[in-house]
Amino acid sequence: HHPSAKKALLIIEHFTRNTYYLDNVETLAKLLTASGLEVALGSFKQDEIFYTAEGKALDVHALKNTGGHLETAQGFRPDIILLNNDMTGSLPEILEHT
């Protein structure tokens, strides 16, 4: 519980084509928003639009590391980061030193 948090970044798998996973991502984003947080979806790749099994569009933004702080390329700097990515490969370089 972080009462001072206002912005949340939900990092998702960038390689998925599982639309049901994306339904879950949408639900997580809705829950975070309902709790009062401003939410952005992020990826270790480029900006992209993903579609859920229900056909809803999810705007996913590329991430960058600015001075040890993770943010979207659009400048969304989160107070809290949720990683919804199994990191099967290895730790992405962008997460080092954050």
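Here, the structure is the one placed above.
Since the structure is predicted, the reported quantities are computational estimates derived from the model, not experimental observations.

Thresholds, definitions, all that
- Along each chain, residues carry numbers from 1 onward, in the same order as the chain's sequence is written.
- Reporting in this predicted model follows two pLDDT cut-offs: at least 70 for local features of residues, and 80 or more for side-chain atom pairs to be given and counted; totals over whole chains, interfaces and linings ignore these cut-offs and use all residues.
- With hydrogens and water excluded, all non-hydrogen atoms of the structure serve as input to the side-chain values.
- Put simply, a salt bridge is a Lys or Arg side-chain nitrogen that is within 4 Å of an Asp or Glu carboxyl oxygen.
- Under the scheme used here, helices are H or I runs from DSSP no shorter than 4 residues and strands are E runs no shorter than 2 residues, and both carry numbers assigned from the N terminus.
- Residue exposure (1.4 Å probe, protein chains only): buried if accessible area is under 20% of the type maximum, exposed if over 50%, otherwise partly exposed.
- For two strands to be treated as a pair, DSSP must find no fewer than two bridges joining them.
- Whether a crossover is right-handed depends on one test, that the path from the first strand over the helix to the second runs clockwise when the strands point away from the viewer.

A word on the pattern of salt bridges
Using the criterion set out here, one finds 6 salt bridges in the structure. Lysine 30 serves as the salt-bridge partner of glutamate 26, at 3.6 Å between the closest nitrogen and oxygen. Placement of both glutamate 26 and lysine 30 in helix H1 (residues 19-34) is noted, with a separation of 4 residues, approximately one turn of the helix. Classification of glutamate 26 by relative accessible area gives buried; the value is 13%.

Digging into the pairing of strand E3 (residues 48-51)
The sheet contact formed by E3 and strand E4 (residues 57-66) spans 4 bridges and is antiparallel. Opposite glutamate 48, over in E4, you have valine 60 as the bridge partner. Connecting E3 to the antiparallel partner E4 that follows it, the hairpin turn spans 5 residues, and glycine 55 within it adopts a positive phi of roughly 85°.

Some thoughts on the pairing of strand E2 (residues 38-43)
In this structure, strand E1 (residues 7-12) lies alongside E2, joined through 5 bridges in parallel fashion. Within E2, the position partnered with alanine 8 by the bridge is valine 39. Where the polypeptide runs from E1 across H1 and back to E2, its parallel neighbour, the crossover connection is right-handed. Taken together, the 3 bridges between E2 and E4 define a ladder with parallel strand orientation. Of the residues in E4, the one forming a bridge with leucine 41 is valine 60.

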